Structures are given as structure tokens and as C-alpha cells.
Amino acid sequence: MEEKKLYTLLVYSENIAGVLNQITAVFTRRQVNIESLNVSASSIPGVHKYTFTAWSDEDQIVKITRQIEKKIDVVKANYFTDDQLFIRETGLYKLSTDMVLSEPEVSKVVRRFDASITEVNPTYVIVMKNGKTDEIISLYRALDAFGCVLQYTRSGRIAVTRGTQEQVSEFLKLREENQ
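Residues numbered from 1 in each chain as written. Predicted model: local features only at pLDDT ≥ 70, side-chain atom pairs only at ≥ 80, totals over all residues. Heavy atoms only, no water.

## Thoughts on the sheet that holds strand β1 (residues 5-14)
Ordered in space as β2-β3-β1-β4, the 4 strands form an open sheet in which the pairing is antiparallel. The sheet is open, and its two borders are formed by β2 (34-41) and β4 (74-80), each paired with just one other strand. Between one strand axis and the next, the sheet turns through 15° on average, direction left out of account. Across the face of the sheet, helix α1 (residues 19-29) comes into contact with β1, β2, β3 (47-56) and β4 while running at roughly 15° to β3. (Pairing = 2+ DSSP bridges. Helix = DSSP H or I, 4+ residues; strand = E, 2+ residues; numbered from the N terminus. Axes fitted to C-alpha atoms, helices over the stretch in contact; angles between N-to-C directions. Contact = heavy atoms within 4.5 Å.)

Here it is, written out as C-alpha cells:
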């Protein structure tokens, strides 16, 4: 059996209600859990970009990608490994102000991870970290070791291909020429 890897799927669609539900149903039918999800406008007017991450083997992710691409409102879908993309996430950490003030090492950890303190009040300190998934998680673990984390959350992954334009751009250009 093939080893599971974390794949990122970039799906482009027209901005139509219900597309997200259609796409997530493909994952559900194949019993693959979505690890993260981000939806936003793309650089192409009228086209939205969905960024999914999921642990899977390549055979299964190929099938999922093909099924997603068959959806009528989906323009294009591709899957990638981390080395094929430029990836970022954001982590937010709410820390106990008392713990931060009483333990100077906490501030050193925040600086060492190149995170920023965005708010300080008598009850809590908000720390924000932008970076790769493993960096966000590592900072959480380092802060959690002090017992000062009140809340923690991580954004969905945002990703762009390492090419010069959206991969869907070439697809749309060819489709337009063939019409």
C-alpha cells in the first residue's frame, strides 16, 4: 500500500453558490478528510480559487482531482506536493499576560520564531506568526510547553504555483481558442 502524503489541491471555478458543497462531497464519498480549506477570488476575474489540503496516496488524489474536474462549474483542478508550491499560513496565539510577564523565555521564543506581538492587554497577549505549516505548529508547541496558551488557531493554507501565472490561465486560453 502506498504511503499517504499531504497533497494540496487547487481548484478553480466560477463564483456560483453550491460549488464548495459539490467539491467537498467528492472527498466525503472517498472518505478522505480535508485538513485545511481556503476560498478566495483568483487573479482571473470571475474565477474563484479553492485551496484544499488532504492526506492521501497519489492514486486516490488523482481520482479525487478527476472527479472534482468533472463538476460542471469547476474550471480546472490540479494536485500538488509541497515542493511544487509557495505556501503560507497564519497562526494566532492568545497567551496569558501574567505568564508572559513572569516567564521571560516566552518572549524569547516569540522572537526566535520571528512572530509578532499584535496586542497586549492586562488579560492576554496576541501573537501572530506567518509561515509554513510546520513553523506555525512548532511555535504552538514551544509556547504550549510554558502553559501560557489560552487559545490557538491556524488559517487554511494559501498557495500559489511556482510558475509565472495561474495554471488555469493557460487552460482558459486554450478553451477560448477552441470555441
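## Describing the packing of α1 against helix α2 (residues 58-69)
Contact geometry for α1 and α2: axes closest at 10 Å, N-to-C directions at 150°. The angle between α1 and α2 falls in the class roughly antiparallel. Where α1 crosses over α2, the handedness of that crossing is right-handed. Counting all contacts with α1, which are made through I23, V26 and F27, the residues of α2 involved are I64, Q67 and I68. (Parallel < 35°, antiparallel > 145°, perpendicular 65-115°, else oblique. Left-handed = near helix turned anticlockwise from the far one by under 90°.)

## Observations concerning a nonpolar patch on the surface
Together, L20, L37 and V39 give the surface a local cluster of nonpolar side chains, amounting to about 200 Å² of exposed area. Secondary-structure assignment places V39 in strand β2. Looking at V39, the relative accessible area reads 38%, which means it is partly exposed. (Patch = residues over 30% accessible without salt bridge, like charges linked within 9 Å, V, L, I, M, F, W, Y side chains within 5 Å. Areas by Shrake-Rupley, 256 points an atom, 1.4 Å probe, with all protein chains shown as cover. Salt bridge = Lys/Arg side-chain N within 4 Å of Asp/Glu carboxyl O. Buried < 20%, exposed > 50% of the residue type's maximum accessible area, 1.4 Å probe, protein only.)

## Regarding the pattern of salt bridges
According to the stated counting rule, one finds 6 salt bridges in the structure shown. A salt bridge links K63 to D59, with the shortest nitrogen-to-oxygen separation between them at 3.3 Å. Remark: D59 and K63 occur in helix α2; sequence separation between them is 4 residues, near one turn of the helix. Its relative accessible area of 43% is what places D59 among the partly exposed residues. When the shortest N-O distance is used, the salt bridge between K129 and E135 registers 3.9 Å. Accessibility expressed as a relative area gives 6% for K129, which makes it buried.

## What to know about the nonpolar core
Ranked by size, the top nonpolar core spans 16 residues in total, and within it L9, V11, I23, F27, F52, I64 and I68 carry the most contacts. In terms of residue count, the dominant contributor to this core is α1 (4 residues). L9 has contacts with F27, Y50, T51, F52, I61, I64, T65, I68, N78 and Y79, leaving out every residue within four places of it along the chain. Of all hydrophobic cores here, the second largest spans 14 residues; its members include Y93, L139, C148 and V149. (Core = buried A, V, L, I, M, F, W, Y, C linked by side-chain atoms within 4.5 Å.)

## Quick notes on the side chain of S42
In this fold, S42 is placed in the loop between β2 and β3. For S42, a relative accessible area of 15% translates into the label buried. For S42, the side chain forms a polar contact with the main-chain nitrogen of I44, separated by 3.1 Å. Polar contacts involving the side chain of S42 include one to the main-chain carbonyl oxygen of V47, which spans 2.8 Å. (Polar contact = N/O pair within 3.5 Å; in protein donor to acceptor, adjacent residues only side chain to side chain.)

## Things to note about the packing of aromatic side chains
Inspection of every chain in the model, using the stated rule, returns 5 aromatic pairs. The rings of F27, Y50 and F52 are connected pair by pair, giving a single aromatic cluster. A cation sits over an aromatic face here: K94 above Y124, 4.4 Å from the ring centre. (Phe/Tyr/Trp six-rings, centres within 6.5 Å; stacked < 30°, edge-to-face > 60°. Lys NZ or Arg CZ within 6 Å of the ring centre and 35° of its normal.)

## Section: helix α4 (residues 104-112)
All of the buried residues along α4 are V106, V109 and V110. Within α4, the buried residues cover an arc of 100° as seen down the axis, which keeps them to one side. Those residues of α4 that are exposed and aimed more than 90 degrees away from the buried face are P104, R111 and R112. Buried residues in α4 make contact with β5 (85-96), α3 (97-102), β6 (116-120), β7 (124-131) and α5 (133-144). Immediately downstream of α4, the backbone of D114 shows phi near 55°, a positive value. (Arc of directions from axis to C-beta.)

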